[in-house]
Each structure stands twice: as C-alpha cells, then as structure tokens.
2 protein chains.
Amino acid sequence: MPYGIIGTWRMAFEGAQIALQMLKSGEWAKFALERAVKEVEDYPYYKSVGYGGLPNENCEVELDAAFMDGDTLSIGAVAGIRDYKNPISIALQLSEKSFNSFLVGVGAEEYAHKEGFERKNMLTERAKKIWEKRISDMKEKNLSPYDGHDTVGIIALDERGSMAVGTSTSGLFMKKKGRVGDSPLSGSGFYVDSQVGGASATGLGEEIMKGCLSYEIVRLMQDDRTPQEACDKALYEFHHKLANKKGKQPGAMSVVALNNKGLWGVASNVEFSFVAGTNKEDLKIYLAYPEGSRKTIIKEANKEWLEAYEARIKKPI
Amino acid sequence: MPYGIIGTWRMAFEGAQIALQMLKSGEWAKFALERAVKEVEDYPYYKSVGYGGLPNENCEVELDAAFMDGDTLSIGAVAGIRDYKNPISIALQLSEKSFNSFLVGVGAEEYAHKEGFERKNMLTERAKKIWEKRISDMKEKNLSPYDGHDTVGIIALDERGSMAVGTSTSGLFMKKKGRVGDSPLSGSGFYVDSQVGGASATGLGEEIMKGCLSYEIVRLMQDDRTPQEACDKALYEFHHKLANKKGKQPGAMSVVALNNKGLWGVASNVEFSFVAGTNKEDLKIYLAYPEGSRKTIIKEANKEWLEAYEARIKKPI
C-alpha cells in the first residue's frame, strides 16, 4: 500500500524526512505528522512557526495550530496560544474530545497547563530583533507592517490508508493581538478525509478563509480529479474570482494536496517552496510557480536556491 | 427585484421582522442583517446569544460572532469575547479590514475597547441561576454538562441583489474557557456569495466544522440546486457519513439557506425552528424535522407551540 507526505515550504523538509521514515516503518499517519510539525516548531530559524516565530504588534508570539484525523474527521485546534513548545501536540490531543476541541487565547493556555504540556518562552533574540527593526522601519520608511505568514501544513498517508493533516504558525507578523488566520480553521487551512485525501493552505489567511480552499480541493479530489487538477482548479479559479471582486490582485495563497493513493499536487499564486515524498519517490524540495492563469510549474529546488535560502534565514539582523 | 431574510430558531423572529421592513424600504442587506442580530443579542430571555447567553464553566459569558459580505466575500469575526453588547457589530466592522479581521479573546476585547464599542455585563441573574443549577445537577445527578448551543444565523438579500450573513452565539453552555464552535468559522457556521446565495448552520459546532456545511450548501446552490435541495443533500449526506465514521448518531445540526432569487431552504437532524420571509411571503415562524433520512418536513409553528416556547424561556429557574 502507498504511503507519503507533503508539506508547505522548504522548512517542512527535516521534519518530513523523519516522518517519511516513520511511515516506511509502519507508523500511523497522525504520529508521523505530529513528529514532522514538531520539528518545524522547534527549529529557531523558521520565523513563522513555533519557536522563533515572529511576534504580534505587542512583541508576543501568539501561535495557532490544528490537527485533523482523516479516519474520523475529528478536529483539534488552538489559536492565539502563547509560550507552549508544541502547539501541534495540543491540537492533536484536543481532536480526541467530543466537546471543546477548539480553544483560543487564555482558555487554550489554561487547558495546556492543566494537561502538562511543556512551556517555553517562544520569543527568540533574533525574532525580537526583527520585530524591533520592523517597528523602526515602519516609523522611518512608512512600510506596511504586514508580511510573512508562512504556515507549515503537512498531510500524511500511511500504509493502512489512514490520513491526517496538521498546521502550525505564528501567524501574520505584526498582527493585532488575538488575530487568527486560516491555519486553525477547518476547510480553510486544512481538511482531510481518508476516503479521499487531504489539503492544506498557506498565505494570507484573511483571503484563504474567503474561499474554503482546503475543503474545496478535497471535494474536487472526491469528484475524481487528481490532486494537481484539484489544486489548480480550486486555487486559480478562486484567485480570479477574488481579483474580480476586489478589482486588484488578491494576497498570496498556496495549497498542497495528497490523495489516498499517494499522488500529490500543489498550486500557488506566488513563488512557493514545498516538500513531497512517497513510497515511490524520495523526499525532495520543490518550487512551484503559477504559469499563465490556470496551471502550476513545478521544479526541484537547485543548489543555488537552497544555499540562498540557508543564507537568508540565518542572515544577521 | 426580490428581497428576503431567513434566520435560525424562533428567537430570530423579532429582529427579522424589523430587518424585513428595512429591506422593503431599500436598506442594504448588511445593515438589515446587523439590526436583526442585534435584536437577538439584546433580548435577555434568549439564552444562547448575547445578553442572557449562558456562561462557560467559569461562569463567564464568552461570545462568538461573524459577518460575511456576499458582494466582496469579506469576513469579520470575533470569538471568546466578553462583555460587549453587540458582537455582530464588531464582526461587521472587522470585515472591512484587509488584515486582522478575525480576533479572539483579550485581543478582540482590546480592539473593541479602542474602537469605542459599548461594554455591558452580559451575565444576567437568570443565566447565573441556570449555571448554578447545572453545577449542582452535575454533582447530584451526574448529568453531562453540555447542551444548548443555539446560534442565531441570519442571511439577508436586498433589492439590489446584495447579500450578507451574520452569526452570534454564547456557544456551548458550560464550555471550557476559550472554546470556539463553528459559528465564527467561515464555511462551517456561515458562507455567502451574492452571485449565488448564503447559508448558516447551528447545532454542535464540533460536528458542523467537520463538514464545512455552509460552504457546501452554497456550492450546491451554485450547481443549480434549489436552497432546499442543497440543504437536504449537504446535511443528510454529512449526517450519514459522520454516523458511519463514529458508529453512533452525530450531534445536532441544522442549516438554513437563501439564494439570490429569494428562495429559501432548511434541513435538520433534530426538531428545529426558524423564521423566513420575502417580498412575496410574510415573515413566519416554522418548524422543520427530518423525514426519513434524506428529506425535511416543514410546517408553520402553531399557537400551542408558540405559547409553550414563550412559557419555557421565561419559566422560573
């Protein structure tokens, strides 16, 4: 039976590599997925997820995460939670509850405290410096405060045919306190049904939630589209619809999908890196770009791109 | 051109009556809708929305609300907000923002404070008594703490063809602090596109968000189903799917829909009251029940039912 994993952005690579090994050894999709997301949450140089994630306008790191079990459709999510090491694990545990499975703010923190989840000051020196620099840039250069909103979203399929999806993010850099994007919202940031497949989105959450992109992609796969066809159709049609309604280009939106046969697809209205691997193909880092207005070009990331990425995320502030 | 309004539960009646008059006079759907929801939020005897809404396990009234503009697909939402008189108005104002349009917890309260929204202690004597009684019942009779989760969800269409949807709720009675249901989640609790129609859901949010029911209904209407066909198909198919996955009956789920021609529909897996009226038919209170496993019976609420309702909501605790 096929197994596989797909994740948004270059940052998903190290975790997905561990997870793919776990899937190869027969581990459940949900636990392989959790492990993959934790790896991203723990790495200090990924500035939009977990430890090292960029703070809100008050310099607080507020985190959102969600987990969905494709076998049961159970969902767990947290939003606006501060100073817990692994929000994905809290979301996974919440997905096992029939009630109170989506918790926000102080309530989410109180739950995590009582359940013994590990606390950690999630603000790194580096993130604080980036925040300080942005504050001064905003004053001096009149820059828009908002950019940077890269959610890690990972979908996993195991040999039993069980599927799961998880998301984790520190949200929009410089967001207002309590701001929530699409990442913890079912149907928008993620959706999975083991009888079909799963999808996850990243980009400007305020746009993505207008289109319920992840649900739409899973629905299209249920209608016998391949993951690539489903991603292309859902993302570009929605991009054009939104552009018409707004009279200007929508914000950044990127999607990934994996079906229960181990086939995957992606689409994006900006340059977008992602990782994918299955029982048939090694895990690789890819780049995706929109081609024309309805298709996606996908190519493997080359050495040059990878080196530039590495230099960029570690560049002195 | 047609205009109309549909709202979940008997409690929507008084507000919808005012809103239907506003629509008749040429008011925009969004403002008629806001007025309708405020009426429900302000009425102390409706125990699941706004003032008089039942509190969480800590005896705090935490409110969720959302607004979506069908012309632009813009969304505004708040969740876990305490002690503001009209959460729907905060959600409506947030829908005008490109960023930070969904705020939760303390962040939502800080925003509402700065923007001058009216504060109000939303806990009534009656709600507090119901909470105290439940606490003692839980100890003595080992009752499940959770029931009562009736969101008001209203969809309006104006003569211009502009549509909007709004939801407001105090959420699940006795919920954990910070618990969020489907009501403020796009695609689950609500969805509207003026080119098609709108939908809203009420019931156990933890179930509804597994199916993105409101988005699915709007999508089915886009595929040329009537609102009634769309509600029947989305709700009952999802109910059966969930029953199969869980091996037991899902929680309560009810949906309402209105298309841009002024036709409406509803479906529910429990007894469900709602109100609907258009340029062609006076606003009435109806009851809906599932018939067999795929259809909905709808009849007008009779005098007996209405009197029993009135007595029930005002019964001494």
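Cut-off values and rules
Residues numbered from 1 in each chain as written. Chains lettered and ligands numbered in written order. Predicted model: local features only at pLDDT ≥ 70, side-chain atom pairs only at ≥ 80, totals over all residues. Heavy atoms only, no water. Buried < 20%, exposed > 50% of the residue type's maximum accessible area, 1.4 Å probe, protein only. Helix = DSSP H or I, 4+ residues; strand = E, 2+ residues; numbered from the N terminus. Pairing = 2+ DSSP bridges. Contact = heavy atoms within 4.5 Å. Polar contact = N/O pair within 3.5 Å; in protein donor to acceptor, adjacent residues only side chain to side chain. Salt bridge = Lys/Arg side-chain N within 4 Å of Asp/Glu carboxyl O. pLDDT = per-residue confidence, 0-100. Phe/Tyr/Trp six-rings, centres within 6.5 Å; stacked < 30°, edge-to-face > 60°. Lys NZ or Arg CZ within 6 Å of the ring centre and 35° of its normal. Buried area = accessible area lost by both parts, 1.4 Å probe. Nonpolar A, V, L, I, M, F, W, Y, C, P; charged D, E, K, R; others polar. Least-squares fit on C-alpha atoms with pLDDT ≥ 70 in both. Core = buried A, V, L, I, M, F, W, Y, C linked by side-chain atoms within 4.5 Å. Axes fitted to C-alpha atoms, helices over the stretch in contact; angles between N-to-C directions. Parallel < 35°, antiparallel > 145°, perpendicular 65-115°, else oblique.

Let's shift gears to the pairing of strand S6 (residues 163–169) of chain B. All names here are of chain B. The buried count for S6 comes to seven of seven residues, which makes it a mostly enclosed element. What you see with S6 is no split at all: Met 163, Val 165, Thr 167 and Thr 169 on one side and Ala 164, Gly 166 and Ser 168 on the other are buried throughout. Bridge analysis of strand S2 (residues 62–69) against S6 gives six bridges, and the strand direction is antiparallel. Within the sheet, the bridge partner assigned to Ala 66 lies in S6 and is Thr 167. The antiparallel pairing of strand S5 (residues 152–157) with S6 creates a hairpin that spans five residues between the two strands, and Gly 161 there sits at a positive phi of about 95°.

With that settled, the discussion passes to the environment of Trp 305 of chain A. Residue and element names in this part refer to chain A. Among the secondary structure elements, Trp 305 is positioned in helix H9 (residues 303–314). Along the primary structure Trp 305 and Thr 124 are separated by 181 residues, whereas in three dimensions their C-alpha atoms are 26 Å apart. Contacts of Trp 305, omitting those with residues within four sequence positions, involve Arg 10, Glu 271, Ser 273, Ile 285 and Leu 287. Polar contacts involving the side chain of Trp 305 include one to the side chain of Glu 271, which spans 3.2 Å.

All names here are of chain A. Applying the stated rule across the entire model yields 46 salt bridges over all chains. The partner of Lys 177 in a salt bridge is Glu 62, with the nearest N and O atoms 3.8 Å apart. Here Lys 177 is found in the loop between strand S6 (163–169) and strand S7 (190–193), whereas its partner Glu 62 is found in strand S2 (residues 62–69), with 115 residues between them in sequence. Residue Lys 177 shares its accessibility class with Glu 62, and that shared class is buried. Close ionic contact of Lys 314 with Glu 310 constitutes a salt bridge, the shortest N to O distance being 2.9 Å.

With that out of the way, let us pick up the confidence of the model for chain A. Confidence in the prediction for chain A averages 96 pLDDT; 100% of positions are at 70 or higher. With pTM at 0.98, the complex prediction returns an ipTM value of 0.97.

On inspection of all chains with the given rule, the structure shows 19 aromatic pairs over all chains. Between Trp 264 of chain A and Phe 274 of chain A, the ring centres sit 5.4 Å apart and the planes meet at 70°, which makes this aromatic pair edge-to-face. Linking Trp 264 of chain A in strand S10 (residues 264–268) with Phe 274 of chain A in strand S11 (residues 272–278), this pair joins segments that are 10 residues apart in sequence. For the residue pair Trp 264 of chain A and Phe 274 of chain A, the accessibility class agrees, reading buried in each case. Between the aromatic rings of Trp 9 of chain B and Phe 272 of chain B, the centroid separation amounts to 4.9 Å while the plane-to-plane angle is 85°, which identifies the pairing as edge-to-face. One end of the pair, Trp 9 of chain B, is in the loop between strand S1 (4–8) and helix H1 (13–24); the other, Phe 272 of chain B, is in strand S11 (residues 272–278), with 263 residues separating them in the sequence. Take Phe 272 of chain B: its relative accessible area is 0%, and that puts it in the buried class. Sitting over the ring of Trp 28 of chain A, Arg 160 of chain A keeps its end group 3.9 Å from the ring centre.

Listed as interface residues are 47 residues of chain B and, on the opposing side, 47 residues of chain A. At the boundary of chain B with chain A, total buried surface from both sides reaches about 4,100 Å², with 60% on carbon and sulfur atoms. Counting across the chain B and chain A interface gives four salt bridges. A salt bridge links Lys 241 of chain A to Asp 193 of chain B; the nearest nitrogen and oxygen atoms lie 2.5 Å apart. Of all the secondary structure elements, the ones that give two or more residues to the side of chain B that touches chain A are strand S4 (102–104), helix H4 (105–114), strand S7 (190–193), helix H7 (213–222) and helix H8 (227–246) of chain B. For the side of chain B that touches chain A, a count of residues per class yields 20 nonpolar, 14 polar and 13 charged.

At an RMSD of 0.0 Å, chain B and chain A line up after a rotation of 180° and a shift of 0.0 Å along the axis. Taken together, the rotation angle and the small translation identify this as a two-fold axis. Scanning chain B for the C-alpha nearest the rotation axis identifies Gly 105 of chain B, at a separation of 2.8 Å. Mapped onto chain A, 100% of the interface residues of chain B again fall at the interface, so both copies present the same surface.

Before going further, it helps to examine the environment of Asp 182 of chain A. Examined against the element boundaries, Asp 182 of chain A turns out to sit in the loop between S6 and S7. Ignoring anything within four residues of it in the chain, the contact list for Asp 182 of chain A reads Ser 188, Gly 189, Ala 201, Gly 203, Gly 205, Ile 208 and Met 209 of chain A.

Bringing the nonpolar core into the picture now. Counting residues in each nonpolar core, the largest one holds 183 residues, and the members touching the most others are Ile 5 and Phe 274 of chain A together with Ile 5 and Phe 274 of chain B. In this structure, Val 61, Ala 65, Tyr 84 and Leu 103 of chain A belong to the second largest nonpolar core, which totals 14 residues.

Another aspect to go through is the sheet that holds S2 of chain A. Residues and elements named next belong to chain A. The nine strands are arranged S4-S3-S2-S6-S5-S1-S11-S12-S13 in an open sheet whose pairing can be described as mixed. Two strands bound the open sheet, and with one partner strand each, they are strand S4 (102–104) and strand S13 (295–300). On average, each strand axis in the sheet is inclined to that of its neighbour by 15°, with strand direction left out of account. As judged from the six bridges shared by strand S12 (residues 284–291) and S13, these two strands associate in the antiparallel manner. Residue pairing in the sheet places Leu 287 in a bridge with Lys 299 of S13. Each of strand S1 (4–8), strand S5 (152–157), S11 and S12 touches helix H1 (residues 13–24); the most contacted strand, S1, lies at about 165° to it.

Let us look at the packing of helix H2 (residues 29–42) of chain A against helix H3 (residues 87–94) of chain A. All names here are of chain A. Contact geometry of H2 with H3 gives a least axis separation of 8 Å together with a crossing angle of 150°. One element, H2, and the other, H3, form an angle in the roughly antiparallel class. Taking contact as the criterion, the partners of Lys 30, Glu 34, Val 37, Lys 38 and Glu 41 in H2 are, on H3, Pro 87, Ile 88, Ser 89 and Leu 92. Here the residues of the contact of H2 with H3 are counted per class, giving four nonpolar, one polar and four charged.

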